[in-house]
Amino acid sequence: MATKHKGHAIGIDLGTKYSCVAVWDDQNGVAKIIHNEQGNRTTPSCVAFTDSHRLVGDAAKNQAAFNPKNTIFDAKRLIGRKFSDSIIQDDLKLWPFKVVSGVNDKPLISVEYKGEEKLLAAEEISSMILTKMKEIAEAFLESPEKNAVITVPAYFNDSQRKATQDAGAIAGLNVMKIINEPTAAALAYGLQKRSNCSEERNVFVFDLGGGTFDVSLVTIKGDVYQVKATAGDTQLGGEDFDNRMIDYFVKDFNKKNNVDISENPRSLRRLRTACERAKMNLSFAKQTTIEVDSLFQGTDFYSLITRSRFEELNKDLFLKCMDTVEKCLVDAKVDKNNVHDVVLVGGSSRIPKLQDLLQEFFLGKDLCRSINPDEAVAYGAAVQAALLSESMNTALDLVLLDVTPLSLGISTKGDVMCVFIPRNSVLPTKHEKLLGTFEDNQSTAKIAVYEGERSRASDNNLLGLFCLTDLDPSPRRHPIKVCFDLDENGILKVYAEESKTGKKKEVTIVNDKKRLTAQEIKRMIQEAEMYKEDDEKFKENVEAKIALEEYVYMMSGFMEDGKVSSKIKSSEKKNIEVAIEEARELLDGNQKKVETAEFEKCLQKLRSIFDPIIM
Ligand code: ADP
Ligand code: MG
């Protein structure tokens, strides 16, 4: 067994919309969800930039309507993808913030921070959210935390996983493992609801969040959790349902008022918030109103939407979810009659129509609603983190067998994808094939490694490319042995060997084109430090201002109190009044930014006058 990481370890569910952090509580044998400074158990995955500071989490989300261009959400939709990706191009139309194309088609988010334009990679935004989650855990555990398990949608491809790992590194975390969200949820469900189950149980996890949809079939038997198959859609989630409603109301508003609000980020942002709220209400009520005062050019927006209308707007998306459910069961080779539990995870799994469709699909089976859909993933991540570290002493001997979400193979003659490791193979796994050269006296064999399900290799995602050179001159079909070795973290090594001579080449597929380089990560870590310093400076500035304010308040109180002021000489009184006036100007003046040192100097001056008097 691998050596365990020292100290605590935390589990982080880095969601598209909300993130959640948990830690294993060994004394009670449960995972604890950690609340943030506002007392919330989940934290918006949102980062905002202003002319003076940066905000993360609730604070960022709360100011979104006033600062739409610099309030970034949905970094998870961007991570590990190309700018030209059609998903990104579609999302762009609805995002109030700007995304541009960087080197190698990498999307970069453009924000204005302290009056200057900054370009940030999705990894950096995600790292800021991870840092926030780390700090939430540190405040609760009263100790520095480094070791973490981070979850990703099962359907995340290689580059999205690696980019998430990079985000962890920028946040200063030691990412012990990346695990799949539905697997984590199954772990949470199994431990909380099905411990001591000796019979094998087939558990179907339906996880529909803000921007991703993931399903998995997991069998639990005793302490062994085996993922049989996963399927999903990284472009389907609650946000798409919001978008449908936004589209609908934008058209409605434009038509009624003969305007076009689709180019106005602030209006869109406010409408988005209202639509999301309406959608949530519709999970409990049959109809709801939606109101936004002065939505555009002073015109108020008021409308009504029924649950059926909402269902109508999203009908095709809901049905698409059911196709994915079916696909997963086919891959797992499990009949729907043999599914014992259907577990609902993710905020969007609360939508009644989806629950109905799911129940209908599983022939009327009761769905399991007993675990918290917002917290299950972080719970499972914390369990996995504890298993990998020293934070678990209880005799919990879980075995977690996960699968690879996409097929892996190479391109052979005619651009045909030759699959080595089919999707849903249990990790770790190794597959070998003997291939032949295409031509007589071929001197070089090119190995292009792809992931994906398309039969034409170039339609899939190219992970890496390498060549075996100086081959022995031979007629075509000269044998080359190629081996794929996928470890338990899903990191792939590919070997190619000329059978005749034993000449060999091995590469670890790092997918470095899309991935950040070591230098870039180093730079981003430094920048993260800079942001941290800025945040601290901002905090100090606010604290210095408050200290001055309190002192002025106290002084004024004394001056107004006849008993005290009667004892002060009139010449001193004048001095004090002038000093208070100066301080007030500094505090209330609508002038430019006041430096911390200025507040401190002013406070010192006041103290030097007033402290001796009170003494
Ligand atoms: P993620 O894991 O992607 O961050 P979550 O699991 O936190 O997402 O789910 C967030 C999504 O769930 C959001 O799109 C939100 O609008 C949606 N959601 C939350 N509560 C409800 C509800 N009662 N009805 C419908 N959708 C909901
Ligand atoms: Mg989630």
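Numbers given to residues run from 1 along each chain, matching the order in which its sequence is written. As a convention, the first chain written is A and the first ligand written is 1, with the rest following in written order. With the structure being a predicted model, the display of local features is reserved for residues of pLDDT at least 70 and the display and counting of side-chain atom pairs for 80 or more, all residues being used for whole-chain, interface and lining totals. Excluding hydrogens and water, the side-chain figures rest on all heavy atoms present in the structure.

An unreviewed UniProt entry lists the protein under the name 70-kilodalton heat shock protein, with Stylosanthes scabra given as the organism. UniProt positions are given in the numbering used here, feature names are shortened, and annotations may be inferred rather than shown by experiment. One UniProt comment on the protein, placed under Sequence similarities (unreviewed entry), says "Belongs to the heat shock protein 70 family."

1. As for the overall build of the protein
Only DSSP runs of H or I with at least four residues qualify as helices, and only runs of E with at least two residues qualify as strands; both kinds are numbered from the N terminus onward. When its secondary structure is counted, the protein shows 16 helices and 27 strands. For the protein, the spread of C-alpha atoms along the principal axes amounts to about 110 × 60 × 55 Å. Counting over 615 residues, the protein shows a buried share of 52%. As displayed, the protein has an accessible area near 28800 Å², and 48% of this comes from carbon and sulfur atoms. Note on charges: Lys and Arg go in the positive column, Asp and Glu in the negative column, and His and the chain ends are not counted at all. For the purpose of locating charges, the reference atoms are NZ of Lys, CZ of Arg, CG of Asp and CD of Glu. In the protein, the 85 positive side-chain charges and the 95 negative ones have mean positions that sit 2 Å from each other. The rule is simple: take the accessible area with a 1.4 Å probe, protein chains only, and divide by the maximum for that residue type; under 20% is buried, over 50% is exposed, in between is partly exposed. Residue-level accessible areas treat just the shown protein chains as cover; the underlying method is Shrake-Rupley with a 1.4 Å probe.

2. A closer look at the pairing of strand E27 (residues 504-508)
As paired strands, strand E26 (residues 492-498) and E27 are joined by five bridges and run antiparallel to one another. When the sheet's bridge partners are listed, Val494 is paired in E27 with Val507. Here E26 folds back onto E27 in antiparallel fashion, the turn holding five residues, of which Gly502 has a positive phi close to 80 degrees. Two strands make a pair as long as DSSP finds a minimum of two bridges between them.

3. A look at the packing of aromatic side chains
Pairing of aromatic rings covers Phe, Tyr and Trp, the last counted by its six-membered ring, and requires centre-to-centre distances within 6.5 Å; plane angles under 30 degrees mean stacked, over 60 mean edge-to-face, and any other angle means tilted. Scanning the model with the defined rule gives 15 aromatic pairs in all. Measuring from centroid to centroid gives 5.5 Å for Tyr113 and Tyr531, while their planes differ by 45 degrees, and the two rings are tilted. Here Tyr113 is found in strand E9 (residues 107-113), whereas its partner Tyr531 is found in helix H13 (residues 518-560), with 418 residues between them in sequence. A residue is classified by how much of its surface remains accessible, and Tyr531, at 1% relative accessible area, is buried.

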